[in-house]
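# Analysis of the macromolecular model
If you want the building blocks of each chain, they are given just below.
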Amino acid sequence: MSAVTPVPATPTMAVRELRGLLTNYARTWRGSIISSVLAPLLSLVALGMSLGKIVDAGPGAHSFGTVDGRPVKYLLFLAPALLANTAMQTAIGESTYPVMSSMKWQKTFHASIASPLSSFDVFLGRLLFVGFRILMNCAIFLAVMALFGAVHAAGPAGLGPVLAVPAAVLTGLAFATPVTAWAVTQDRDTGFSVVFRFVMIPLFLFSGTFFPVTRLPVAIRPLAYATPLWHGVDLCRGLALGTATAGSVLLHLVYLLAVIGAGLWYGARTFRRRLNP
Amino acid sequence: MTTADLPLTRLLLGRRAFGPMGGGKAGVLVERNLMVYRRLWLTMVSGFFEPLFYLLSIGVGLGKLTGAIDGVPYAHYVAPGLLAVSAMNGAVFDATFNVFFKIKYAKIYDAMLATPLRVGDIALGDIIWAQLRGLMYSAAFLIVMLAMGLVHSWWALLALPVTVLVGFAFAAVGMACTSFMRSWQDFDLVTLALMPMFLFSGAFYPLSVYNHQVRILIEALPLYHGIDLLRALTLGRVHVGLLWDVLYLAVMGLVGAAVAARRLEKLLLT
């Protein structure tokens, strides 16, 4: 295998990997709509609107912050958080089984590196594709939010909710990058179910999506603050409701970019080890 | 490890316990599953945590903000709903994804039919196994409910058999549907059926938030009946009307099982 000389990573090479994945997706996209669009949409209707009626009438109605001096309705509190969660779930979904499939079952990664692409190009190309999937799902979700009245014209020129979409994409990439880097090292799918059950679902439930993190027991709070999802939720919510401060936006961006950076470094190693041994 | 090392299953199921349904060897299949899952215990155990996480987050965390519902604290209201959801999910996933994989890819049933096992043994064995697994999750969740003080009445003892009924109804229909599936893509339909039921059937809030038409629609869905039954039992609000819920689930299970048995026989023996 030493004959394989990895060509230095170049953006155009990674784009070739992306193009291949897009070609494939153009044929198989239908199935992904149910899991990636319907789930957040139904959660928005059931939990944001129906359960929201009860929450808004309950004793904690004033726990979701204020906008323009008025308490935030539960639907408005929940929707941007579900946007961030859509990003996370799309990212984790696209970074687990599809990566193992490309590595082990279909061996498309091997096909790619047999071309002028380096292992890093393959990694980067996959991340670009996942970024595209996250962007697509989040944009659709924002449209659904608008349809159900779950947006508040906040921020500069009322574009706050629109700005929440790139924030959600960044949140998604903060999961996609390290998870893809790790998934390529896996030989069995048991690790994936552990990630779904013990990472994704607890984050979904305890990172400030359904209630403010300040409601968690003091001992658990730092854990929630340390997760990328909390940063994503807080960033998306702050932008969508117009309550974000420059400081908080900067903090969240730095955190998310740092995680993506670490994931890129880690993935460069795992992809090289696996594809150019 | 030989089958003789598993006296518990033998004690529970016996060798000849299911004579009329097949060759009386369904227990062998249960033993096989037990052996397989000894290596996948993490997958097995993790199934219990999902409803627990939901209970802690939505029931307890958000519950502090919602106040009481139907005269009980929110967590007390949500917990039996999650118990029903967990019984449904466990049963459906086992009866759809796992069964499809076994039929189409692993060809496990074909291999089994080359032994003295008959189709009846296989169907019954896998159904019993799925029910045992579901029973384990339900019992664990009920114990957690008890420990958290969410159980109001001795009627809750009946909750355990009711989760088996819910599991049976969904497993039977799930298996019947699986017999018509052509590829993994078709399983999106399973998600399409389960997800709205999970969210809209009253696990998280009373149906009074809906208008009349939506209410009738929800009351026609099977999960609603499971939730209604389990909530009545754990909160100690038992009344004769609950027999309708039992009847609904029993009929659903029997119809599903009849269709599944006929289709499986066709799929495996032709």
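Okay, so let's go over this structure. Just so we're clear, the structure is a prediction, and the values are computed from it rather than from any experiment. (Residues numbered from 1 in each chain as written. Chains lettered and ligands numbered in written order. Predicted model: local features only at pLDDT ≥ 70, side-chain atom pairs only at ≥ 80, totals over all residues. Heavy atoms only, no water.)

The next point concerns the overall build of chain A. Across its full length, chain A carries 10 helices and 2 strands. For chain A, the sequential pattern of α-helices and β-strands runs α-β-β-α-α-α-α-α-α-α-α-α. A compact globule built from 277 residues should have a C-alpha radius of gyration of about 19 Å, and chain A, at 20 Å, falls within 12% of that. By its C-alpha atoms, chain A is 70 × 40 × 35 Å across when sized along the principal axes. When each of the 277 residues of chain A is scored for burial, the buried share is 54%. Partitioning the contacts of chain A with sequence separation of at least 6, the portion at a separation of at least 24 is 81%. Taken together, the 20 basic and 8 acidic charged side chains of chain A have centroids lying 4 Å from each other. (Helix = DSSP H or I, 4+ residues; strand = E, 2+ residues; numbered from the N terminus. Rg over C-alpha atoms; globule rule 2.2 N^0.38 Å. Buried < 20%, exposed > 50% of the residue type's maximum accessible area, 1.4 Å probe, protein only. Contact = heavy atoms within 4.5 Å. Lys, Arg positive; Asp, Glu negative; His and termini not counted. Charge placed at Lys NZ, Arg CZ, Asp CG, Glu CD.)

Residue and element names in this part refer to chain A. Tracing the backbone through its elements, the reader meets serine 95 in helix α2 (residues 74–95). For serine 95, a relative accessible area of 0% puts it in the buried group. Those residues in contact with serine 95 that sit more than four places away from it in its chain are Val130, Ala176, Val179, Thr180 and Ala183.

What follows covers the pattern of salt bridges. Within the structure shown, the criterion is met by 7 salt bridges over all chains. Among the ionic pairs, arginine 274 of chain A bridges to aspartate 187 of chain A, the shortest N-O distance being 2.9 Å. Here the residue arginine 274 of chain A occupies a position in helix α10 (residues 246–275), and aspartate 187 of chain A occupies one in the loop between α6 (160–183) and α7 (190–206), the gap between them amounting to 87 residues. A relative accessible area of 26% means that arginine 274 of chain A is categorised as partly exposed. As a salt-bridge pair, aspartate 94 of chain B and arginine 133 of chain B come within 3.0 Å of each other at their nearest N and O atoms. Of this pair, aspartate 94 of chain B sits in helix α4 (residues 74–106) while arginine 133 of chain B is found in helix α6 (residues 119–147), placing the two residues 39 residues apart along the sequence. (Salt bridge = Lys/Arg side-chain N within 4 Å of Asp/Glu carboxyl O.)

Attention now goes to the interface of chain B and chain A. Taken together, the 32 residues of chain B in the interface contact 34 residues of chain A. The three residues of chain B that bury the most area against chain A are Phe53, Leu62 and Leu65 of chain B, which together make up 22% of that side's buried surface. Put simply, chain B and chain A have 1 salt bridge between them. Salt-bridge contacts for glutamate 50 of chain B lead to arginine 197 of chain A; the nearest nitrogen and oxygen are separated by 3.1 Å. Where chain B packs against chain A, one counts 4 residue pairs in polar contact (both at pLDDT 80 or more). Among the elements that make up the side of chain B that touches chain A, the one with the highest residue count is helix α3 (residues 41–66) of chain B (16 residues). (Buried area = accessible area lost by both parts, 1.4 Å probe. Polar contact = N/O pair within 3.5 Å; in protein donor to acceptor, adjacent residues only side chain to side chain.)

With that settled, consider the environment of alanine 156 of chain B. One can find alanine 156 of chain B in the loop between α6 and α7 (159–178). Between the C-alpha atoms of alanine 156 of chain B and valine 209 of chain B, which are 53 residues apart in sequence, the distance is 27 Å.

Let's shift gears to the state of the cysteines. Residue and element names in this part refer to chain A. Overall, the coordinates contain 0 disulfides over all chains when judged by the stated rule. No disulfide involves cysteine 138; its sulfur sits 7.4 Å from the nearest other cysteine sulfur, which is in cysteine 236. Overall, cysteine 138 belongs to the buried group, its relative accessible area being 0%. (Disulfide = S-S within 2.5 Å.)

Here the focus is the side chain of threonine 209 of chain A. Residues and elements named next belong to chain A. Position of threonine 209 among the secondary structure elements: in the loop between α7 and α8 (221–226). Taking relative accessible area as the criterion, threonine 209 reaches 0% and is therefore assigned buried. Polar side-chain contacts of threonine 209 include one of 2.8 Å to the side chain of asparagine 85. Apart from the residues lying within four places of it in its own chain, the contact partners of threonine 209 are Phe77, Leu78, Ala81, Leu82, Asn85, Phe204, Val233 and Arg237.

Let us now look at helix α9 (residues 228–241) of chain A. Residue and element names in this part refer to chain A. With 14 residues, α9 extends 20 Å between its outermost C-alpha atoms, agreeing within 8% with the 20 Å of an ideal straight helix rising 1.5 Å per residue. Of all 14 residues that make up α9, 13 are buried, and the element is covered over most of its length. Trailing α9 by a residue or two, glycine 242 shows a phi angle of about 75°, which is positive. (Expected span 1.5 Å × (residues − 1).)

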